[in-house]
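Each chain, written out:
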Amino acid sequence: MVKVEDIQQYGKEHLETVVASATSLQNGFQAIASAYGDYTKKSFEDTKSFVEKLSGVKSLDKAMECRPNTRSQPTRLRSGVAEIAGLYTELAKQTFKPIEGMVAKFAPAAAH
């Protein structure tokens, strides 16, 4: 026979799991938004600096000297993308970690 206390305990555990998962999700999205913001800010600053340098030149030769280092741009992009992808991966892991514990409780019972 199922006791009311057992049902209440299950509900409490379930709620705690959902709250833990939601908290992980929120923290992960904040970290991702921060990484996007940092990358965007750096990109904007680089572009602004280039335009400022370019606006002060008087000849084509000097304009060519102002161009940004084209070799470092793809490296910076790859680095930014890798960081953000890593944050998404960590977000998925942390979000589902509390749920894994709840599922593990029922996995042995379902096998019988």
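This section reports on the structure supplied with the text. (Residues numbered from 1 in each chain as written. Predicted model: local features only at pLDDT ≥ 70, side-chain atom pairs only at ≥ 80, totals over all residues. Heavy atoms only, no water.)

### Topic: the pattern of salt bridges
In step 1: A full pass over the atoms with the stated rule returns 2 salt bridges.
In step 2: For lysine 42, the salt bridge goes to aspartate 46, with nearest N and O atoms at 3.0 Å. A residue pair is termed a helical-turn pair when its members lie 3 or 4 positions apart in one helix, as lysine 42 and aspartate 46 do in helix H1 (residues 4-55) at 4 residues.
In step 3: For aspartate 46, a relative accessible area of 25% translates into the label partly exposed.
In step 4: Where aspartate 46 meets arginine 76, a salt bridge forms, and the shortest distance between an N and an O atom there is 2.9 Å. With aspartate 46 in helix H1 and arginine 76 in helix H3 (residues 72-111), this residue pair connects regions lying 30 residues apart in the sequence. (Salt bridge = Lys/Arg side-chain N within 4 Å of Asp/Glu carboxyl O. Helix = DSSP H or I, 4+ residues; strand = E, 2+ residues; numbered from the N terminus. Buried < 20%, exposed > 50% of the residue type's maximum accessible area, 1.4 Å probe, protein only.)

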